[in-house]
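Structural overview
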Amino acid sequence: MGEEEAAGMSTAVAAKHPYVEALLKGCTELPHSPLSWLDGRRAAALERANALTIPTTREEEWRFTDITPLTRIPFRPGRSAPRLTERDIARFETPEAAIRLTFVDGVFSPELSATAGLPYGVLVKNLAAGLETHCVPVEPHLARHAAFERDVFAALNTCYLRDGALVIIARNQDCPTPVHLLFVAAQKEIASYPRCLVIAEAGSRCTLIEDYVALGEDAYFSDPVTEIVLGDGARVTHVKLQREARSAFHIATCAVALGKDAEYASHTVTLGARISRYNLSVVQQGEGARARIDGLALVSGRQLADTHSFMDHARPAGKCVQLHKCIIGDAAHAVFNGRIVVRPGAQLTDAAQESRNLLLSGTAHVDTKPQLEIFADDVRCSHGATVGQLEQEQMFYLRSRGLSEARAHNLLIYAFGAEIIDRIPVPSLVAQLGRTVLEQAQTAA
Amino acid sequence: MIAREAKVLLEVRGLQVAVAGVEIVKGIDLVVRAGEIHAIMGPNGSGKSTFAKALAGHPAYVVTGGGVLFEGRNLFELAPEERARAGLFLGFQYPVEVPGVGNSAFLRLAYNTVQATRGKDELDPLEFDDFVRGKMKLLDMDPGFLDRSVNDGFSGGEKKRNEILQMALLEPRLAILDETDSGLDIDALRVVASGVNRLFTPDNAMVLVTHYQRLLNYIVPDYVHVMEGGRIIKTGDKALALELESRGYDWVMEEYRARVAA
């Protein structure tokens with residue numbers, strides 16, 4: 001293994017939690033950055049990681065999600081990644097996305113990336129390289145939006161901050177094709193810390209596909225952090241696909257900041273991982289910003305999928321429409337916590353949240369919790385949650401037209417997921433995800 | 001179009017049906033032959049819709065007595081989809097909305113399933129599109145409904161037209177239309193009625209469940225049955241429907257009570 005870097009990050013206080021300490025082994029070997037602000041942020045993150053512990057179900061934020069299975073596996077950081085070929089990742093390619101950055105076990109893979117012929121005003125490159133060339137626009141944002149003070153996983157990611165995706169869309173520019181950020185897990189027992197920073201300047205537009213996939217079925221740990229900044233009037237569509245191996249662990253953080261009249265659409269599809277957690281926080285920093293937050297979790301076996309979202313209406317006249325759906329089979333478990341805060345003075349906020357859950361078996365389980373905190377009086381906020389089985393009336397209607405019980409069952413499960421999937425503005429993904437839902441429906445039948 | 005020697009399609013003997021443990025249908029006898037149109041009328045709560053849903057096989061409607069033969073087969077041995085494939089069609093009083101399932105895909109799936117049972121060729125999406133558009137024209141339906149989810153956000157009239165469209169595609173041997181006229185304005189009623197009349201042949205039969213006589217101005221029944229308290233208490237011809245329209249149901253009930261008491 002690598003030589004001891006004399007210049008390694010030296011804030012090596014003993015961590016409070018032995019598992020965190022084990023995960024941190026290796027991060028002290030990372031070289032110093034020539035950018036002192038970056039070193040400072042990493043050191044601050046290391047200090048927090050040392051002080052924090054792995055959360056337990058005794059903490060409110062983790063009440064329904066027991067992550068002790070994670071701590072039974074000694075994950076080590078991926079220093080180098082195996083060389084893969086195009087053929088290895090062909091099945092993950094999205095034809096619509098001409099621009100792609102690929103990371104293998106968290107390490108940037110230039111051979112598997114495609115950034116030739118980037119349109120004018122669009123920058124897509126490895127973050128490590130981008131820090132050298134685009135330090136000025138990056139500095140105000142990197143590790144500024146995704147708070148790590150109280151979140152050990154965001155802190156760990158920040159300690160390891162090096163490779164990652166940097167996307168900058170210049171003012172009023174339109175990135176004509178989706179940008180595919182592909183994170184491939186290749187080796188077992190590796191912990192990887194993918195990082196994305198997306199800066200959509202005022203009036204710009206882009207579509208991102210943040211995609212987590214695996215080549216094998218072994219256990220590994222993905223701990224990604226994504227920060228997305230939308231300038232005034234910018235429009236970003238963010239598709240997050242979590243299709244990790246079913247024995248993997250995926251604990252992701254995404255922080256989004258919305259400028260005035262910005263429009264952010266999040267389409268999150270959760271299919272993989274033994275245990276997954278997605279912390280999405282969206283802060284409305286300018287008046288009149290809009291967010292659509294769509295989520296679909298499709299889990300079976302003994303999977304656990306937890307989504308915690310936080311919509312912070314800090315300024316007036318914001319709009320947020322959130323629909324989170326779970327399809328839960330076998331003994332799987334889904335968790336949804338949707339927090340919406342309307343700050344004092346954020347008048348004319350319009351927020352609507354809906355959580356809809358479909359249980360396919362008697363042992364499937366969901367915990368869904370809306371959390372509305374409203375400190376302004378002239379606002380419109382609604383929320384609702386439903387948990388159910390397939391509608392008997394719909395089943396009967398379809399069967400009365402000749403469809404078999406199994407066919408009707410599959411079609412209704414598909415339809416339940418389609419409401420979310422069909423809104424993804426990438427046709428090949430819509431088709432692919434539709435097939436995945438149908439396949440899973442068939443095994444649940 | 002009554003022909004005594006015509007084939008019996010449906011034979012109901014002493015049928016009793018319970019919903020949530022409460023008996024609603026308390027003994028119905030009815031014979032429907034090919035080429036016949038029957039109207040079942042009666043006040044609200046008389047058991048008309050329960051009878052219709054039990055025939056189609058709704059799982060919440062439990063048969064507690066009697067039996068039904070459909071073209072000589074024991075209907076209650078068949079699952080709902082098998083009944084549909086055998087040629088039984090229920091036009092729903094409240095067609096169910098199925099968000100997320102495209103109407104066009106649903107109609108094609110239903111059509112091809114029934115075609116396959118009959119040993120006929122299935123249609124691919126393009127062929128089906130032409131075929132279904134032709135049928136929609138007859139019902140004065142906007143082809144835009146093909147692109148929407150099944151009944152999702154349709155008005156009452158649109159839903160009923162969609163039911164008749166399904167009937168036109170599936171070409172059932174026996175169609176039971178449950179309150180198809182409710183919620184239709186007079187123009188829509190005419191369109192739906194003419195669609196039904198066009199689909200009626202000497203080889204099939206219709207049972208119209210209706211609260212009002214209005215529909216029967218356009219679709220002329222051979223028999224009119226009055227249901228009350230879960231039984232058919234009177235049977236007549238189309239003149240009975242007109243009489244019910246002018247005199248209401250009370251006199252039929254009194255007549256029935258007198259008969260039972262005697």
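Residues numbered from 1 in each chain as written. Chains lettered and ligands numbered in written order. Predicted model: local features only at pLDDT ≥ 70, side-chain atom pairs only at ≥ 80, totals over all residues. Heavy atoms only, no water.

Considerations on the confidence of the model for chain B
Rules: Summary of the metric used: pLDDT quantifies the predictor's per-residue confidence within the range 0 to 100. The helix and strand labels rest on DSSP assignments: H or I over at least four residues marks a helix, E over at least two residues marks a strand, and numbering proceeds from the N terminus.
When pLDDT is averaged along chain B, the result is 93, and 98% of the positions lie at 70 or above. Here strand β7 (residues 98-102) of chain B stands out as the element of chain B with the lowest mean pLDDT, 89, in contrast to strand β6 (residues 88-91) of chain B, whose mean of 98 is the highest.

Description of the interface of chain B and chain A
Definition in use: A contact between two residues is defined here by any heavy atoms of the two lying within 4.5 Å. Here the buried area means the combined drop in accessible surface, using a 1.4 Å probe, for two parts upon being joined, counting both sides. For this analysis, a salt bridge means a side-chain nitrogen from Lys or Arg found within 4 Å of a carboxyl oxygen belonging to Asp or Glu.
Every contact between the two is made by 32 residues of chain B and, on the other side, 19 residues of chain A. When chain B packs against chain A, the two sides together hide about 2000 Å² of surface, and 66% of this comes from carbon and sulfur. Three residues, H58, E81 and L109 of chain B, lead the burial of chain B against chain A; their summed loss comes to 24% of the area buried on that side. Connecting chain B to chain A are two salt bridges.

Quick notes on a negative patch on the surface
Residue and element names in this part refer to chain B. Quick reminder of the rule: Patch members must show over 30% relative accessible area and no salt bridge, and they are joined within 9 Å when carrying like charges or within 5 Å when they are nonpolar side chains of Val, Leu, Ile, Met, Phe, Trp or Tyr. Accessible surface is estimated by sampling points in the Shrake-Rupley manner with a 1.4 Å probe; for residues, cover comes only from the protein chains shown. The charge count includes Lys and Arg as positive and Asp and Glu as negative, but it does not include His or the ends of the chains. Where a charge lies is defined by one atom per residue type: Lys uses NZ, Arg uses CZ, Asp uses CG and Glu uses CD. Buried, partly exposed and exposed residues are distinguished by accessible area as a fraction of the type maximum, computed with a 1.4 Å probe on protein chains only: under 20%, between the cut-offs, and over 50%, respectively.
Side chains of D121, E122, D124, E127 and D130 sit close together on the surface and give a patch of like negative charge. Mapping E127 onto the fold places it in helix α4 (residues 125-138). Owing to a relative accessible area of 40%, E127 belongs among the partly exposed residues under this scheme.

Quick look at the state of the cysteines
Residues and elements named next belong to chain A. Here is the rule: When two cysteine sulfur atoms are found within 2.5 Å, that pair is recorded as a disulfide.
Evaluated as defined, the whole model comprises zero disulfides over all chains. Free of any disulfide, C254 has its nearest neighbouring cysteine sulfur in C196, separated by 8.5 Å. Just so you know, C381 is unpaired, no disulfide at all, and the nearest cysteine sulfur is the one on C320, 9.1 Å from it. Residue class for C381 comes out partly exposed when judged on its relative accessible area of 25%.

A look at the layout of surface pockets
Residues and elements named next belong to chain A. For clarity, the threshold we go by: Buried and open spaces are told apart on a 1 Å grid over the protein atoms alone, a cavity being a set of points where a 1.4 Å probe fits but cannot get out and a pocket being an open set with protein on both sides within 12 Å along at least five of seven lines. Residues with an atom within 4 Å of a point are the lining residues. Grid points are joined across faces, edges and corners, and a volume is the space filled by probe spheres set on the points. Under the convention adopted here, Pro, Cys and the residues Ala, Val, Leu, Ile, Met, Phe, Trp and Tyr are nonpolar, Asp, Glu, Lys and Arg are charged, and Gly plus all remaining residues are polar.
Quantified by volume, the largest pocket comes out at close to 910 Å³. E61, A147, R150, D151 and N279 are, among the 31 residues lining the largest pocket, the residues nearest its centre. Contributing elements (two or more residues each) for the lining of the largest pocket: α7 (152-159), β13 (249-258), β15 (275-284), β17 (304-313) and β19 (333-342). Across the lining of the largest pocket, the residue classes tally to 14 nonpolar, 10 polar and seven charged.

Focus on the domain arrangement of chain A
All names here are of chain A. Using the following cut-off: Domain borders in the structure are assigned automatically or taken from a domain database.
You can read the domains of chain A as domain 1 (18-286) and domain 2 (391-445). With 14 residues of domain 1 at the contact, the number on the domain 2 side is 11 residues. Both sides together, the interface formed by domain 1 and domain 2 hides about 1000 Å², and carbon and sulfur atoms give 71% of it. By the criterion of area lost to domain 2, the three top residues of domain 1 are E96, H267 and L271, representing 37% of everything that side buries.

Some points on the packing of aromatic side chains
Residue and element names in this part refer to chain B. Applicable threshold: Here the aromatic set is Phe, Tyr and Trp, taking the six-membered ring for Trp, and pairing holds for ring centres within 6.5 Å; pairs whose planes are under 30 degrees apart are stacked, those over 60 apart are edge-to-face, and all others are tilted.
Evaluation of the coordinates by the stated rule reveals 15 aromatic pairs over all chains. Between the aromatic rings of F128 and F131, the centroid separation amounts to 6.3 Å while the plane-to-plane angle is 55°, which identifies the pairing as tilted. Taken together, the residues F128 and F131, both in helix α4 and three residues apart, mark about one turn of the helix. With relative accessibility at 1%, the residue F128 sits in the buried group.

Regarding the environment of Y264 of chain A
Residues and elements named next belong to chain A. Here Y264 is to be found in strand β14 (residues 263-270). Of the residues examined, Y264 reaches a relative accessible area of 2% and is grouped as buried. A sequence separation of 53 residues divides Y264 from A317, and the C-alpha atoms of the two residues are 15 Å apart. When residues no more than four places from it in sequence are discounted, the contact partners of Y264 are I228, L230, V236, H238, C254, V256, L258, L280, V282, R290, A291 and R292.

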